[in-house]
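Report on the structure
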Amino acid sequence: MSSVISSPINHYNVLSYGAVGDGNEDDTQAFVEAWNAACHCDEDTPRLVVPEDKTFLVNPINFLGPCKSGNIEVVLSGTIIAPDGSNPWMENNVGRWLAFRDVHGLNITGDGMLDGRGERWWDFCKHHRVKSCNRLAPWILGFSNCTDVHMRGINTARSGGGHIFIFGCENVDLAFLNIQAPATSPNTDGDDCISMVDRTYNVNITNVDCGPGHGISIGSLGANGEVVDVQNITIRDINFYGTTNGARIKTCRAGRGRVQDVYFYNINVTEVKNPIIIDQHYGEKKSHSTKMRAGVHISDVQFFGFFGTSKSKVAIDLNCSENVPCTNLSLGNIRLGPAESGEVTSTCNNAFGSTYGVVRPKSCLRYQREKEQKIKEEKENSAEKEKSADFDLYTIFLLIMCKATLQSSKALRSVNVVNFGAVGNGNADDSNAFTKASEAACGATGEASLTVPAQKTFLLKPVKFLGPCKSSQINILVQGNIVAPSKIYQNGQHLIWEGSGFVKKVYYENITLQNTSNPILIDQFYCPEHMVQKFLEILI
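Residues numbered from 1 in each chain as written. Predicted model: local features only at pLDDT ≥ 70, side-chain atom pairs only at ≥ 80, totals over all residues. Heavy atoms only, no water.

Heads up, the rule is: UniProt positions are given in the numbering used here, feature names are shortened, and annotations may be inferred rather than shown by experiment.
Looking at an unreviewed UniProt entry, one finds the protein named Pectate lyase superfamily protein domain-containing protein and attributed to Jatropha curcas. The heading Sequence similarities (unreviewed entry) in the UniProt record of the protein holds the text "Belongs to the glycosyl hydrolase 28 family." Heading Subcellular location (unreviewed entry) of the UniProt record for the protein holds this comment: "Secreted, Cell wall".

As structure tokens, then:
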């Protein structure tokens, strides 16, 4: 006796399209039909429903768009499992199990599970090499040429290859994911937790627990001599446990192009082999020629707030290109020690930059003045232009593809407070210079950067940086020190600092207390009464 599943008019439950959900019957066609119905729905926010307490066996499938609705939802409450034979991984499969293509406006939510059963692919296709078996290890979930993708709360496990693949997409937001790749798995314990490759822009990665594996990497890039471009990557609030690497950038010697504006903040490492590593000789053998004239330019990379232990003696390894050295690297507030006994060190090769705050082990960066660096880069660019034979049609094609990005980067205006009169000796008042520099950055057309250079201490009175601005984006890079005045006088009257500002986004988790007087306390009357006086606004 068959049953009819009743659902709201814009809800498309896979059970209503013939799915069984017993983990044995092939439910692929039911998923295809339910998706097609939701994708062609004229109602607002159509919803594809995968109900709880069911296990659906689904073969490799493409969820194709574009859809009529600009906001389609997938609610995953049940479990979807991959096939356990070799036939589904033959011929036309391109290394994806569940793939969304050309979908614009996609929201995937729920606490369901995607089980890739990857050990079956490894058994059939890798170890026994069944004839005609696809050699691309299947990813669990893929997004290609999609925009406005949001995914929350999904669990993935036992992938044959990677877990989530994103290609040619814009505005992708993934949060609260549980990706299970244990040390006993055949493949995914030995690769990056997160990897970013060519043409990756404006990525923000926060609050990730990573381990085991190879850490979080940019690259590898340029293996075939292509021109690469990776910009504006922020990686912060990360815990690495027993990984091979922590924060890593890896490029091949044959590559060209750039990696710039990369920020690693607040990173905790526990028994990590390479906590901080730049490797511009990735995959290289000793037999390779050392006279290759190419190289990817890595610049404006910050490593700030690293704490924990290194399993190797070299905790900071910056091995940059001989032809195009790394420039404007920054190391700050780093405290790395040995996982066992002994000491840790840092090693650098063609790495230029600056340090601020405590850096342990001691930095090996080579300091390079801004003017000297500019002259060096101009010479390198001139030499690059002379190598016209290396600038082939493929390079031109890639540059055309990223025309908009290159144009926006050319419009970048760099503003340094020193150029507006800041002294930076810790005694002279640099407030006016900072105000003028901020106004210049604010009034710039396109993107602008405001730099507070290293090796200087700037004394500032209260200053307001006012908008709105013409600049589409202002990046503020603070490498030096900024100090407040110990006393301020106005018309001969000594002014006492009065507290202002805000405290937000503070998280206390997993706290153990013993004989504590005040387990939880917020005290906004802490300051003595004689210090709380009316603060007269100045410099506004």
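**So, the overall build of the protein**
This is how it is decided: Under the scheme used here, helices are H or I runs from DSSP no shorter than 4 residues and strands are E runs no shorter than 2 residues, and both carry numbers assigned from the N terminus. Think of it in three bands: residues with accessible area under 20% of the maximum for their type are buried, residues over 50% are exposed, and the middle band is partly exposed, with areas taken using a 1.4 Å probe on protein chains only. Between two residues, a contact is recorded if the distance between any of their heavy atoms is within 4.5 Å. Values of accessible area rely on a 1.4 Å probe in the Shrake-Rupley scheme; residue burial ignores everything except the protein chains shown.
Tallying secondary structure elements over the protein gives six helices and 36 strands in all. Here the protein holds 540 residues, and 42% of them are scored as buried. Relative to all contacts within the protein whose residues are 6 or more apart in sequence, the contacts with residues 24 or more apart total 78%. A total accessible area of about 30,200 Å² is found for the protein, and carbon and sulfur atoms account for 49% of it.

**Observations regarding the state of the cysteines**
The cut-off we apply is this: Disulfides are defined as cysteine sulfur pairs within 2.5 Å.
Under the criterion given, the structure shown has five disulfides. A sulfur-sulfur separation of 2.0 Å characterises the disulfide bridge that pairs Cys-193 with Cys-210. Disulfide Cys-193-Cys-210: the torsion about the S-S bond is 85°, which places it as right-handed. Within this pair, whereas Cys-193 is found in the loop between β16 (178-180) and β17 (194-196), its partner Cys-210 is found in strand β18 (residues 200-210), the two being separated by 17 residues in sequence. Note on Cys-193: relative accessible area 33%, which makes it partly exposed. Here Cys-320 pairs with Cys-326 through a disulfide, and the sulfurs are 2.0 Å apart. Looking down the S-S bond of the Cys-320 and Cys-326 bridge, the torsion is -105°, so its handedness is left-handed. Classification of Cys-320 by relative accessible area gives buried; the value is 0%. Cys-169 carries a free sulfur, and the closest cysteine sulfur to it, the one in Cys-146, is 4.7 Å from it.

**Re the packing of aromatic side chains**
Here is the rule: Stacked, tilted and edge-to-face pairs are distinguished by plane angle, under 30 degrees for stacked and over 60 for edge-to-face with tilted covering the rest, among Phe, Tyr and Trp rings (Trp via its six-membered ring) whose centres lie within 6.5 Å. Our definition puts a charge over a ring when NZ of Lys or CZ of Arg is within 6 Å of the ring centre and also within 35 degrees of the ring normal.
A complete count under the given rule lists 13 aromatic pairs for this structure. Its end group placed over the ring of Phe-165, Arg-96 keeps NZ or CZ at 3.7 Å from the ring centre.

**Topic: the nonpolar core**
Cut-off, in case you're wondering: The definition of a nonpolar core used throughout is a set of buried Ala, Val, Leu, Ile, Met, Phe, Trp, Tyr and Cys residues joined through side-chain atoms within 4.5 Å.
Ile-218, Phe-264, Ile-278, Phe-303, Phe-306 and Ile-334 are the most contacted members of the largest nonpolar core, which totals 41 residues. Residue contacts for Ile-278: discarding those within four places in its chain leaves Ile-249, Ile-298, Phe-303, Asp-317, Leu-318, Asn-319, Cys-320, Cys-326 and Leu-329. Residues Ala-82, Phe-143, Met-151 and Ile-154 belong to the second largest nonpolar core, which totals 38 residues.

**Some remarks on the UniProt feature "active site" (unreviewed entry) in the protein**
On the UniProt side, "active site" (unreviewed entry) is annotated at positions that read His-214 here. In this fold, His-214 is placed in the loop between β18 and β19 (216-221). Looking at His-214, the relative accessible area reads 25%, which means it is partly exposed.

**What to know about the pairing of strand β6 (residues 72-76)**
To keep it simple, the criterion reads: The criterion for strand pairing is that DSSP finds at least two bridges linking the strands in question.
Counting buried residues in β6 gives five out of five residues, a clear majority hidden from the surface. Here β6 shows a buried face lined by Ile-72, Val-74 and Leu-76 and a second buried face lined by Glu-73 and Val-75. As paired strands, β6 and strand β9 (residues 104-109) are joined by four bridges and run parallel to one another. Bridge assignment links Glu-73 to a residue of β9, and that residue is Asn-107.

**Brief notes about the sheet that holds strand β30 (residues 425-429)**
Test applied: An axis is simply a line fitted to the C-alpha atoms; with a helix, the fit covers only the stretch in contact. Between two such axes, the angle follows the N-to-C directions and lies from 0 to 180 degrees.
Here we have three strands laid out as an open sheet, ordered β30-β32-β34, and parallel in their pairing. Each end of this open sheet is capped by a strand with a single partner; those strands are β30 and β34 (481-483). When strand polarity is set aside, the average angle formed by the axes of neighbouring strands in this sheet is 25°. Inspection of the sheet shows β30 paired to strand β32 (residues 457-459) by two bridges, in the parallel sense. When the bridges of β32 are listed, Asn-425 appears paired with Thr-457.

**A short note on helix α1 (residues 28-39)**
Selection rule: Helix span is expected to be 1.5 Å times the residue number reduced by one. It is the directions from the helix axis to the C-beta atoms that the arc portrays.
Between its first and last C-alpha, α1 extends 16 Å over twelve residues, near the 16 Å set by a 1.5 Å rise per residue. If you check which residues of α1 are buried, you get Thr-28, Ala-30, Phe-31, Ala-34, Trp-35, Ala-38 and Cys-39. Viewed along the axis of α1, the buried residues span an arc of 160°, placing them on a single side of the element.

**Topic: the side chain of Asn-10**
As a reminder of what qualifies: Identification of polar contacts relies on pairs of N or O atoms within 3.5 Å, with a donor-acceptor requirement for protein atoms, meaning one able to donate a hydrogen and the other able to accept it, and with residues adjacent in sequence counted only if both atoms are side-chain atoms.
Checked against the element boundaries, Asn-10 lands in the segment before β1 (11-13). For Asn-10, a relative accessible area of 18% translates into the label buried. At 3.3 Å, the side chain of Asn-10 forms a polar contact with the backbone oxygen of Asp-44. Not counting residues within four places of it along the chain, the set of residues in contact with Asn-10 comprises Glu-43, Asp-44, Thr-45, Pro-46 and Arg-47.

**Points about helix α6 (residues 431-442)**
If you check α6, its first and last C-alpha atoms are 16 Å apart, about what twelve residues at 1.5 Å a residue would give, namely 16 Å. The complete set of buried residues in α6 reads Ser-431, Ala-433, Phe-434, Ala-437, Ser-438, Ala-440, Ala-441 and Cys-442. Residues of α6 that are buried sit in contact with β29 (413-416), β30, β31 (447-452), β32, β33 (473-478) and β34.

**Some thoughts on unusual backbone geometry**
The amide bond that connects Gly-65 to the next residue, Pro-66, takes the cis arrangement and shows omega of 0°. Locating Pro-66 in the fold gives a position in the loop between β5 (61-64) and β6. Each neighbour pair has its own omega, and for Gly-211 with Pro-212 the value is 0°, a cis peptide bond. Tracing the backbone through its elements, the reader meets Pro-212 in the loop between β18 and β19.

**Quick notes on a nonpolar patch on the surface**
Test applied: A patch is a set of surface residues, each over 30% in relative accessible area and not in a salt bridge, joined within 9 Å for like charges and within 5 Å for the nonpolar side chains Val, Leu, Ile, Met, Phe, Trp and Tyr. The term salt bridge refers to a side-chain nitrogen of Lys or Arg lying within 4 Å of a carboxyl oxygen of Asp or Glu.
Side chains of Val-503, Val-506, Tyr-508, Ile-511 and Leu-513 sit close together on the surface and give an oily, nonpolar patch of about 590 Å² of accessible area. Within the element layout of this structure, Val-503 appears in the segment after β36 (493-495). With relative accessibility at 76%, the residue Val-503 sits in the exposed group.

**Topic: the sheet that holds strand β24 (residues 297-310)**
In space, the six strands of this open sheet follow the order β18-β20-β22-β24-β26-β28, with parallel pairing throughout. If you trace the sheet from one side to the other, it starts and ends with β18 and β28 (351-360), each paired once. The mean inter-strand angle of the sheet, taken between neighbouring strand axes irrespective of direction, is 10°. Pairing analysis gives ten bridges linking β24 to strand β26 (residues 326-338), with the strands arranged parallel. The residue of β26 that forms the bridge with Ser-310 is Pro-338.

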